[in-house]
Amino acid sequence: METSESPATVLIVEDEPGIADILRITLKYHGFTVHTAATGRQAVAAAREHRPDLVLLDVMLPDGNGWEVCRTLRAERDDLAVIFVTARDAPRDVVGGLALGGDDYITKPFGVDEVVARVHAVLRRTRREPEAADPVLRHGDLEMDETTFTVRRAGEPVDLTPTEYNLLRHLLRNAGRIVTKEQLLQHVWQYDTVVESTVVETYISYLRRKLDRLGPPLIETRRGIGYGLRALA
């Protein structure tokens, strides 16, 4: 069952009634507030009305595709978590979904236990809660304020998705050391076991693209080991 202080709200966007019903019943059993939509247009309207914490988003929809729906939702709310659900499992589709700001990717056919586990994992890293410690993390000209969830480099704001934010926060908290890929998968993506995944490499590249435009490269790669913030001169 969902045990956080406030129950999370999930929007299921799925045009196959049987799949939508199974997901709805399962997630409600696990304590989530659930809404459903069968088209992209309905999804956008439902997201505006119900303000969900997470969207389970089918890629193939009757009036378009989930990629476009994700773009629309992200433009309106950058704190909204998105998990793509689709039968399209080619690597380029997975990477493409993540590049649009998706927080995870589930391929059909799937088990409902897997979906519940993925939803919990994504929400653990995207539902932002201020912490009692010093709210500002710093490394050179990079600053992260954990009370406002804002990031600046050289005084300029850096717009990050929830997953990018949490990845950078973990690197900042471990500044001066190399964090292994396995540790990042465990602490940022909440994976309990080691899995083969390129998600870390993909999100590191996103962070570099956004940070390096404002100054010298900050993130270093220790090949075969992991990643860290470069030591300050």
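Now for a description of the structure that goes with this document. (Residues numbered from 1 in each chain as written. Predicted model: local features only at pLDDT ≥ 70, side-chain atom pairs only at ≥ 80, totals over all residues. Heavy atoms only, no water.)

Before going further, it helps to spend a moment on the overall build of the chain. Along its length, the chain carries 8 helices and 14 strands. Taken over 233 residues, the chain has a buried fraction of 48%. Pairs at least 24 residues apart make up 59% of the contacts formed inside the chain by residues separated by at least 6 positions. Accessible surface computed for the chain: about 11700 Å², of which carbon and sulfur atoms make up 50%. (Helix = DSSP H or I, 4+ residues; strand = E, 2+ residues; numbered from the N terminus. Buried < 20%, exposed > 50% of the residue type's maximum accessible area, 1.4 Å probe, protein only. Contact = heavy atoms within 4.5 Å. Areas by Shrake-Rupley, 256 points an atom, 1.4 Å probe, with all protein chains shown as cover.)

Spatial strand order, β12-β14-β13: 3 strands in an open sheet with antiparallel pairing. Two strands bound the open sheet, and with one partner strand each, they are β12 (179–180) and β13 (219–222). Here β13 runs beside strand β14 (residues 226–229); their pairing, made up of 4 bridges, is antiparallel. Within the sheet, the bridge partner assigned to Thr221 lies in β14 and is Tyr227. The sheet strands contacting helix α6 (residues 162–173) are β12, β13 and β14, and the helix crosses β14 at an angle near 70 degrees. Where helix α8 (residues 199–211) meets the sheet, its contacts fall on β13 and β14, and the angle it forms with β13 comes to roughly 150 degrees. (Pairing = 2+ DSSP bridges. Axes fitted to C-alpha atoms, helices over the stretch in contact; angles between N-to-C directions.)

A separate point is the packing of α6 against α8. It is the contact of α6 with α8, at a shortest axis distance of 10 Å, that shows an interaxial angle of 85 degrees. Between α6 and α8, the angle falls in the class roughly perpendicular. Side by side, α6 and α8 meet where Thr163, Glu164, Leu167, Leu168 and Leu171 of the first sit next to Tyr203, Ile204, Tyr206, Leu207, Lys210 and Leu211 of the second. When its residues are assigned to classes, the contact of α6 with α8 shows 8 nonpolar, 1 polar and 2 charged. (Parallel < 35°, antiparallel > 145°, perpendicular 65-115°, else oblique. Nonpolar A, V, L, I, M, F, W, Y, C, P; charged D, E, K, R; others polar.)

Another point: the environment of Gly31. Relative to the assigned elements, Gly31 resides in the loop between α1 (17–29) and β2 (33–37). Sequence spacing of Gly31 and Pro7 is 24 residues, and the spatial spacing of their C-alpha atoms is 6.7 Å.

With that out of the way, let us pick up the environment of Thr147. Tracing the backbone through its elements, the reader meets Thr147 in the loop between β9 (142–145) and β10 (150–153). A polar side-chain atom of Thr147 sits 2.5 Å from a polar atom in the side chain of Asp145. (Polar contact = N/O pair within 3.5 Å; in protein donor to acceptor, adjacent residues only side chain to side chain.)

You can see Ile12 is positioned in strand β1 (residues 9–13). Judged by relative accessible area, Ile12 falls into the buried class, the value being 1%. Sequence separation between Ile12 and Ala46 is 34 residues; the distance between their C-alpha atoms is 9.8 Å. Setting aside chain neighbours within four positions, we find Ile12 in contact with Ala20, Leu23, Arg24, Leu27, Val34, His35, Thr36, Ala37 and Leu56.

In any sheet, the strands associate via hydrogen bonds between backbone groups, in a parallel or an antiparallel arrangement. Pairing is parallel across the open sheet formed by 5 strands, whose spatial order is β2-β1-β3-β6-β7. Each edge of the open sheet is held by one strand with a lone partner, namely β2 and β7 (104–107). For this sheet, the mean inter-axis angle between neighbouring strands, taken without regard to orientation, is 20 degrees. Sheet topology places strand β6 (residues 81–86) next to β7; 4 bridges connect them, and they run parallel. When the bridges of β7 are listed, Ile83 appears paired with Asp104. In this fold α1 packs onto β1, β2 and β3 (54–58), with an angle of close to 170 degrees to the strand it touches most, β1. Lying on the sheet, helix α5 (residues 112–126) is in contact with β1, β3, β6 and β7; it crosses β7 at an angle near 175 degrees.

Relative to the elements of secondary structure, Asp58 occurs in strand β3. In this structure Asp58 touches Val13, Glu14, Asp15, Gly66, Val85, Thr86 and Lys108, once residues within four positions along its chain are discounted.

Another point: the packing of aromatic side chains. The way to describe two aromatic rings as a pair is by their centre distance and the angle between their planes. One pass over the structure, following the stated rule, counts 4 aromatic pairs. Ring-pair connections join several aromatic residues into one group, and the members of that group are Trp189, Tyr203 and Tyr206. (Phe/Tyr/Trp six-rings, centres within 6.5 Å; stacked < 30°, edge-to-face > 60°.)

Counted by the stated rule, this structure contains 14 salt bridges. Glu14 serves as the salt-bridge partner of Lys108, at 3.1 Å between the closest nitrogen and oxygen. You can see Lys108 sitting in the loop between β7 and α5 and its partner Glu14 sitting in the loop between β1 and α1, a full 94 residues away along the chain. By relative accessible area, which is 5% here, Glu14 ends up buried. Two residues, Arg77 and Asp79, come together in a salt bridge whose shortest N-O distance is 3.2 Å. The structure contains a network of salt bridges with shared partners spanning Glu14, Asp58 and Lys108. (Salt bridge = Lys/Arg side-chain N within 4 Å of Asp/Glu carboxyl O.)

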